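These are the residues of each chain, in order.
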Amino acid sequence: MERIYIGMGSNLADPAEQLRSAVEALAQLPQSKLVGVSAFYQSDSLLPGQPRYTNAVAALDSTLAPLDLLDALQAIENGQGRERLERWGPRTLDLDILLFGDQVIDEARLKVPHYHMQERAFVLYPLAELAPADLHLADGRTLRELLAACPFVGLERLSQD
Ligand code: ROI
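Reading guide: rules and limits
Residues numbered from 1 in each chain as written. Predicted model: local features only at pLDDT ≥ 70, side-chain atom pairs only at ≥ 80, totals over all residues. Heavy atoms only, no water. Buried < 20%, exposed > 50% of the residue type's maximum accessible area, 1.4 Å probe, protein only. Helix = DSSP H or I, 4+ residues; strand = E, 2+ residues; numbered from the N terminus. Contact = heavy atoms within 4.5 Å. Expected span 1.5 Å × (residues − 1). Arc of directions from axis to C-beta. Salt bridge = Lys/Arg side-chain N within 4 Å of Asp/Glu carboxyl O.

## Points about helix H3 (residues 121-130)
Burial analysis of H3 places 7 of its 10 residues in the buried class, which makes it a mostly covered element. Those residues of H3 lying buried are Ala 121, Phe 122, Val 123, Leu 124, Tyr 125, Pro 126 and Leu 127. If you follow the buried residues of H3, they end up packed against strand S1 (2-10), strand S3 (41-43), strand S4 (53-62), strand S5 (94-100) and helix H4 (143-148).

Structure follows, in structure tokens:
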């Protein structure tokens with residue numbers, strides 16, 4: 001059993017609703033238990049000319065193998081109308097495996113820890129709502145250190161209703 005953190009993002013077709021549907025789908029995954037979901041946060045796209053994103057992080061306990069979880073997440077993305085028209089393009093739903101226990105995974109389809117999570121406020125702040133205070137990456141850097149280097153700028157925490 002591993003504790004897995006999943007980054008969620010959407011900037012098309014009612015993003016908050018997309019994330020709520022994704023949470024329901026995560027709760028149905030086999031061999032898995034959804035253990036937490038952060039608040040939702042809005043921010044501008046890192047690439048100009050796209051709608052604003054809504055992002056959140058989910059925590060999952062699972063005995064699925066990493067690539068089986070990846071397959072399941074891609075099926076959820078596709079089920080919510082994801083079209084891969086262009087790399088980095090706007091999307092109805094993006095589900096990224098951020099951390100998979102302490103594992104370092106370096107496969108063509110899957111790199112964990114997720115390569116950009118260290119510097120992205122829209123990943124780190126929701127992650128911090130769920131993660132233990134001493135969470136650290138395989139290279140030893142703690143979440144606390146990553147947060148200290150990543151100001152809470154341009155993020156809007158949405159109230160949950
Ligand atoms: N920008 C924000 N704010 N949130 C995202 O999830 C996100 N995802 C992306 C790019 C286009 C890099 N920008 C983003 O893929």
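The structure having been displayed, the exposition proceeds.
## As for helix H1 (residues 15-27)
Taking 1.5 Å per residue as the helical rise, H1 with its 13 residues ought to reach 18 Å, and the 19 Å between its terminal C-alpha atoms agrees with that figure. Listing the buried residues of H1 in full gives Pro 15, Ala 16, Gln 18, Leu 19, Ala 22, Val 23 and Leu 26. Buried residues of H1 fall within an arc of 155 degrees about the axis and therefore sit on the same side. On its buried face, H1 sits against S1, strand S2 (32-37), S4, helix H2 (66-79) and S5.

## Observations concerning the pattern of salt bridges
This model, assessed by the stated rule, comprises 11 salt bridges. The partner of Glu 17 in a salt bridge is Arg 20, with the nearest N and O atoms 3.2 Å apart. Here Glu 17 and its partner Arg 20 are both found in helix H1, 3 residues apart, which amounts to about one turn of the helix. Here Arg 20 falls in the partly exposed class, since its relative accessible area comes to 38%. Residues joined in a network through salt bridges with shared partners are Glu 77, Arg 82, Arg 91 and Asp 94.

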